[in-house]
Amino acid sequence: MSTVYDCSEPGNRAAGLAAAAGAVRSGRLVVLPTDTVYGLGCDAFDAEAVRSLLDAKGRGPDMPVPVLVGSWTTIDGLVLSVPRQARALIEAFWPGGLSLVLPHAPSLAWDLGQTRGTVMLRMPLHPVALELLRDVGPMAVSSANRTGHAPASSAQEARDQLGDAVPVYLDGGLSGENVASTIVDLTGPDALILREGAVTKEDVNEVLGIEVEVAR
């Protein structure tokens, strides 16, 4: 049985955030609003919960789950090192629609799928998401839809697809423009844009002071 919490009403928002935090800490799934589309999330360090997330979406570990964070500084404990280019992009675009791929810290006990030693990180620009992330810590979050179906732009659309596989839905109203985050890969010698989205290539170029290639 799932419950939807209308986060536009302060009492429901507080109750919903408490229920969501409890669900995450007990290894269950939650649906939360972000600044792009609604997300399906769980504790990033709970491998069984991540498997439940992949099962709910109907996909396998060959498509690793990204991680959302609630502050700039959280990244320092998650990656092997934070290069200068990453710092510049974080300061320019976080919170917002930019995801960074970096080598993760080898000491971390997590299983996000077949990541090949990397992790994709983002800080979303949504007050409900940020409040939850700052409470529970990093979350593995993928779009709140079944694989092959359109991403959800509302809590109801997410519930229509995921149903009772998710016990807590945080309704933050309609999401922003249905535009995915831009993904910048910083694992190699040169920055590489894997996907153009909410942040333009020109904006990335301006911050880094170089012409960044786009993956073909």
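In case you missed it, the structure is sitting above this.
Everything quoted here is computed from the prediction, not taken from an experiment.

Caption draft 1: Structural view of the overall build of the protein chain. Within the protein chain, the regular secondary structure consists of 6 helices and 11 strands. In terms of overall dimensions, the protein chain has a C-alpha envelope of 50 × 35 × 30 Å along the principal axes. Looking at the protein chain as a whole, 50% of its 216 residues qualify as buried. Element-wise, carbon and sulfur atoms account for 51% of the exposed surface of the protein chain, whose accessible area totals about 9600 Å². Positive and negative side-chain charges of the protein chain, numbering 16 and 26 respectively, have mean locations separated by a distance of 3 Å.

Caption draft 2: Just the packing of aromatic side chains, in detail. Per the counting criterion, the structure on display carries 1 aromatic pair. Residues Phe 45 and Trp 110 carry aromatic rings whose centres are separated by 5.3 Å and whose planes lie at 15° to one another, so their mutual orientation is stacked. You can see Phe 45 sitting in the loop between strand 3 (39-43) and helix 2 (47-57) and its partner Trp 110 sitting in the loop between strand 5 (98-103) and strand 6 (118-122), a full 65 residues away along the chain. Here Phe 45 falls in the partly exposed class, since its relative accessible area comes to 35%.

Caption draft 3: The nonpolar core, seen in detail. Ranked by size, the top nonpolar core spans 51 residues in total, and within it Val 31, Leu 40, Leu 89, Trp 94, Leu 100, Leu 121 and Val 184 carry the most contacts. Taken together, the elements giving at least two residues each to this core come down to strand 3, helix 2, helix 3 (84-93), strand 5, strand 6, helix 5 (155-162) and helix 6 (201-208). Among the elements that take part in this core, helix 2 stands out by supplying 5 residues, more than any other. Excluding residues that lie within four positions of it along the chain, Val 184 makes contacts with Leu 89, Leu 98, Ser 99, Leu 100, Val 101, Ala 191, Leu 192, Ile 193 and Val 204.

Caption draft 4: How the structure looks around the side chain of Gln 85. By secondary structure assignment, the location of Gln 85 is in helix 3. Apart from the residues within four sequence positions on either side, Gln 85 is in contact with Leu 186, Ala 191, Leu 208 and Ile 210.

Caption draft 5: Region of interest: helix 1 (residues 10-25). Taking 1.5 Å of rise per residue, the 16 residues of helix 1 would be expected to cover 22 Å, and the 22 Å separating its terminal C-alpha atoms lies within 8% of that figure. Those residues of helix 1 that fall on the buried side of the exposure criterion are Gly 16, Leu 17, Ala 20, Ala 21, Ala 23 and Val 24. What you see down the axis of helix 1 is that its buried residues fit within an arc of 160°, all on one side. Structural note: helix 1 exposes Ala 18 and Arg 25 on the side pointing more than 90 degrees away from its buried face. Close packing links the buried residues of helix 1 with strand 1 (3-6), strand 2 (30-32), strand 3, helix 4 (127-136), strand 7 (139-143) and strand 8 (168-171). Its side-chain oxygen 3.0 Å from the backbone nitrogen of Gly 11, Glu 9 forms the N-cap of helix 1.

Caption draft 6: How the structure looks around the packing of helix 1 against helix 4. Helix 4 packs onto helix 1 with a crossing angle of 45° between their chain directions and a minimal axis gap of 10 Å. If you check the angle between helix 1 and helix 4, you find them oblique. In this structure, helix 1 crosses over helix 4, and the sense of that crossing is right-handed. Contacts between helix 1 and helix 4 pair Arg 13, Leu 17, Ala 20, Ala 21, Val 24 and Arg 25 from the former with Pro 127, Val 128, Glu 131, Leu 132, Asp 135 and Val 136 from the latter. A class-by-class count of the residues in the contact of helix 1 with helix 4 yields 8 nonpolar, no polar and 4 charged.

Caption draft 7: Quick peek at the pattern of salt bridges. Enumeration according to the criterion identifies 5 salt bridges in this entry. Note that Lys 201 is salt-bridged to Glu 211, the shortest N-O span being 2.3 Å. Taken together, the residues span a long stretch of sequence, with Lys 201 in helix 6 and Glu 211 in the loop between helix 6 and strand 11 (213-214) at a distance of 10 residues.

Caption draft 8: Summary view of the sheet that holds strand 4 (residues 67-68). A sheet is described by the order of its strands in space; here 11 strands give the open sequence 1-8-2-3-7-4-6-5-9-10-11, paired in mixed fashion. Of all strands in the sheet, those with a lone pairing partner are strand 1 and strand 11, marking the two edges. Inspection of the sheet shows strand 3 paired to strand 7 by 5 bridges, in the antiparallel sense. Bridged to Asp 43 within strand 7 is Met 139. Sitting on the sheet, helix 1 is in contact with strand 1, strand 2, strand 3, strand 7 and strand 8, with an inclination near 145° to strand 8.

Rules used throughout
Residues numbered from 1 in each chain as written. Predicted model: local features only at pLDDT ≥ 70, side-chain atom pairs only at ≥ 80, totals over all residues. Heavy atoms only, no water. Helix = DSSP H or I, 4+ residues; strand = E, 2+ residues; numbered from the N terminus. Buried < 20%, exposed > 50% of the residue type's maximum accessible area, 1.4 Å probe, protein only. Areas by Shrake-Rupley, 256 points an atom, 1.4 Å probe, with all protein chains shown as cover. Lys, Arg positive; Asp, Glu negative; His and termini not counted. Charge placed at Lys NZ, Arg CZ, Asp CG, Glu CD. Phe/Tyr/Trp six-rings, centres within 6.5 Å; stacked < 30°, edge-to-face > 60°. Core = buried A, V, L, I, M, F, W, Y, C linked by side-chain atoms within 4.5 Å. Contact = heavy atoms within 4.5 Å. Expected span 1.5 Å × (residues − 1). Arc of directions from axis to C-beta. Polar contact = N/O pair within 3.5 Å; in protein donor to acceptor, adjacent residues only side chain to side chain. Axes fitted to C-alpha atoms, helices over the stretch in contact; angles between N-to-C directions. Parallel < 35°, antiparallel > 145°, perpendicular 65-115°, else oblique. Left-handed = near helix turned anticlockwise from the far one by under 90°. Nonpolar A, V, L, I, M, F, W, Y, C, P; charged D, E, K, R; others polar. Salt bridge = Lys/Arg side-chain N within 4 Å of Asp/Glu carboxyl O. Pairing = 2+ DSSP bridges.

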